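Reading the structure
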Amino acid sequence: PPSLEPTARALLAASRKLACRILDLLEPRACPHVPPGTLARSHALWGADGQCTLRLLNYPPTGPPDPERDHGLWRAGPHTDWCCVTLLYQLPGHEGLECAANPRAGSDQAAWLRVDPVPGGVAVNIGDMLSRWSEGRVLSNLHRVRM
């Protein structure tokens, strides 16, 4: 609906501001070879060269957990994101996100950790683009969404 656009634009602008702050904090260790502020400046909004994306995903409740029904079923299978950083605004009561280290980190087996919603909190995933830009100093994290 037309009434959604101003809210979505405001959310995207606020998210970009937060993401740029996170990139500024990571940049000295992740990308010491670039001038300060390079990562944040590379993420423009609203232009032809815009690099920011807003996706609204909804994983509706499926009822109480049922190990027999849910075994081996995923809402989103294990993957990494293509971007620099992903901000996840999760609603309490909508659990399911799990994260693990990137297999390239050298661990024999990825241990999956639950990342349950925290009121007012934002989960942050590192993406493949930042991993490449950092020449592997930081690695994108593997994540999935369980039933």
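Presented here is an overview of the structure given in this document. For clarity, every value in this text was computed on a predicted model and none was experimentally measured. Sequence order as written defines residue numbering, which begins from 1 separately in each chain. Given that this is a predicted model, residues contribute local features only at a pLDDT of at least 70 and side-chain atom pairs are listed and counted only at 80 or more, while totals for whole chains, interfaces and linings are drawn from all residues. Neither water nor hydrogens contribute to the side-chain values; these are computed over all heavy atoms in the structure.

1. Notes on the state of the cysteines
The criterion for a disulfide is a pair of cysteine sulfur atoms lying within 2.5 Å. All chains considered together, the criterion is met by zero disulfides. The thiol of Cys99 is unpaired, and the distance to the nearest cysteine sulfur, on Cys83, comes to 13 Å. With relative accessibility at 15%, the residue Cys99 sits in the buried group. Classification of residues uses two cut-offs on accessible area relative to the type maximum, computed with a 1.4 Å probe and protein chains only: under 20% is buried, over 50% is exposed, and between them is partly exposed.

2. Thoughts on the environment of Leu54
Secondary structure elements are defined from DSSP: runs of H or I of at least 4 residues count as helices, runs of E of at least 2 residues count as strands, and each element is numbered from the N terminus. When you line up the elements, Leu54 lands in the loop between helix 2 (38–41) and helix 3 (67–70). The class of Leu54 is partly exposed, set by a relative accessible area of 33%. Distance from Leu54 to Leu12, taken between C-alpha atoms, is 6.3 Å for residues 42 residues apart in sequence. Those residues within four positions of Leu54 in sequence are excluded, and the remaining contacts are Ala8, Leu11 and Leu12. Contacts: residue pairs with any heavy atoms within 4.5 Å of one another.

3. Quick word on the packing of aromatic side chains
Only the six-membered ring of Trp is used, alongside the rings of Phe and Tyr, when aromatic pairs are assigned; centres must lie within 6.5 Å, and planes under 30 degrees apart are stacked while those over 60 apart are edge-to-face, with the rest tilted. According to the stated counting rule, one finds zero aromatic pairs in the structure shown. Think of it as a cone above the ring: NZ of Lys or CZ of Arg counts as a charge over the ring if it is within 6 Å of the ring centre and within 35 degrees of the ring normal. It is Arg144 that lies over the ring of Trp112; its NZ or CZ is 3.9 Å from the centre.

4. Description of the side chain of His143
With respect to the helices, strands and loops of the structure, His143 is situated in strand 6 (residues 142–146). As used in this structure description, the phrase polar contact means that two N or O atoms lie within 3.5 Å; if the pair is within protein, one of them must be able to donate a hydrogen and the other to accept it, and residues adjacent in sequence are counted only when both atoms belong to side chains. Polar side-chain contacts of His143 include one of 3.1 Å to the side chain of Asp81. Here Asn141 takes part through its backbone oxygen, which lies 3.1 Å from a polar atom of the side chain of His143. Residues in contact with His143, not counting those within four places in the same chain, are Gly77, Pro78, His79, Thr80, Asp81, Leu97, Glu98, Cys99, Trp112 and Asn125.

5. Quick word on the pairing of strand 6
The buried fraction of strand 6 is high, at five of five residues. Going residue by residue along strand 6, you find Leu142, Arg144 and Arg146 tucked away on one face and His143 and Val145 tucked away on the opposite face as well. As paired elements, strand 3 (residues 97–100) and strand 6 share four bridges and run antiparallel to each other. When the bridges of strand 6 are listed, Ala100 appears paired with Leu142. Strands pair, by our definition, only if DSSP identifies at least two bridges between them.

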